[in-house]
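Structural overview for review
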Amino acid sequence: MSATTPRFSAIGESFKNNYFFELTSRCACPDGCKVGPVLPTLPDDGIIITVGISGGSVLLIVAFVLVVVYLIGGAIFMQQRRQATGVDLIPNRELWVSLPGLIKDGFHFVVSGVRSRCGGYEQHK
């Protein structure tokens, strides 16, 4: 058997939800994939396969870039326009300082509402 053509086969199930598979590929050997893996060819039926990053990865990258721009841009604005220094450079500092307490209050409100269906929020402290 040659490992130049990748092969994937199911061997069986030893007990419930425990499956065994065999994957044969030259990429499993040390330095076996120097030129890249050999991809199986598909029939020409109009299907185009593209390889790239997922939509979730794009979303995370965009969110990270926006957070960095927000922090750096906000710090520059606070320094140039408001002459802030130190921790006052953080944009919307009061919000970020109070956020853990707000999350705690929201969590407490949700848990209290689940535990007790009667009464209002004022009863739970």
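Refer to the structure above for everything that follows.
My aim in this report is to walk through the structure given alongside it, one point at a time. (Residues numbered from 1 in each chain as written. Predicted model: local features only at pLDDT ≥ 70, side-chain atom pairs only at ≥ 80, totals over all residues. Heavy atoms only, no water.)

Across its full length, the protein chain holds two helices and two strands. Starting at the N terminus, the α and β elements of the protein chain follow one another as β-β-α-α. Looking at the protein chain as a whole, 8% of its 125 residues qualify as buried. Put simply, of all contacts in the protein chain between residues at least 6 apart along the chain, 5% involve residues at least 24 apart. Looking at the protein chain as shown, the accessible area adds up to about 11100 Å², and 65% of this sits on carbon and sulfur atoms. (Helix = DSSP H or I, 4+ residues; strand = E, 2+ residues; numbered from the N terminus. Buried < 20%, exposed > 50% of the residue type's maximum accessible area, 1.4 Å probe, protein only. Contact = heavy atoms within 4.5 Å. Areas by Shrake-Rupley, 256 points an atom, 1.4 Å probe, with all protein chains shown as cover.)

Alignment of strand β1 (residues 7-15) against strand β2 (residues 18-24), held across seven bridges, turns out to be antiparallel. Across the sheet, residue Phe8 finds its bridge partner in β2, namely Leu23. A loop of two residues connects β1 with β2, the two strands running antiparallel in sequence, and Asn17 in this loop sits at a positive phi of about 60°. (Pairing = 2+ DSSP bridges.)

Within the secondary structure layout, Cys27 lies in the loop between β2 and α1 (55-82). Judged by its relative accessible area of 32%, Cys27 is partly exposed.

Attention shifts here to the side chain of Ser9. Mapped onto the elements of the fold, Ser9 is located in strand β1. Side-chain polar atoms of Ser9 contact the side chain of Arg7, separated by 3.5 Å. Other than its neighbours up to four places away in sequence, Ser9 contacts Phe21 and Glu22. (Polar contact = N/O pair within 3.5 Å; in protein donor to acceptor, adjacent residues only side chain to side chain.)

Let's shift gears to the packing of aromatic side chains. By the definition in use, this model includes one aromatic pair. Seen from their ring centres, Tyr70 and Trp96 are 6.5 Å apart, and the 70° between their planes marks the pair as edge-to-face. With Tyr70 in helix α1 and Trp96 in helix α2 (residues 93-115), this residue pair connects regions lying 26 residues apart in the sequence. (Phe/Tyr/Trp six-rings, centres within 6.5 Å; stacked < 30°, edge-to-face > 60°.)

For the rest of this paragraph, the subject is the pattern of salt bridges. Inspection of every chain in the model, using the stated rule, returns two salt bridges. Salt-bridge contacts for Glu22 lead to Arg7; the nearest nitrogen and oxygen are separated by 3.1 Å. With Glu22 in strand β2 and Arg7 in strand β1, this pair connects stretches of sequence that are 15 residues apart. Residue class for Glu22 comes out partly exposed when judged on its relative accessible area of 34%. We note a salt bridge from Arg93 to Asp88, for which the minimum N-O separation is 3.7 Å. (Salt bridge = Lys/Arg side-chain N within 4 Å of Asp/Glu carboxyl O.)

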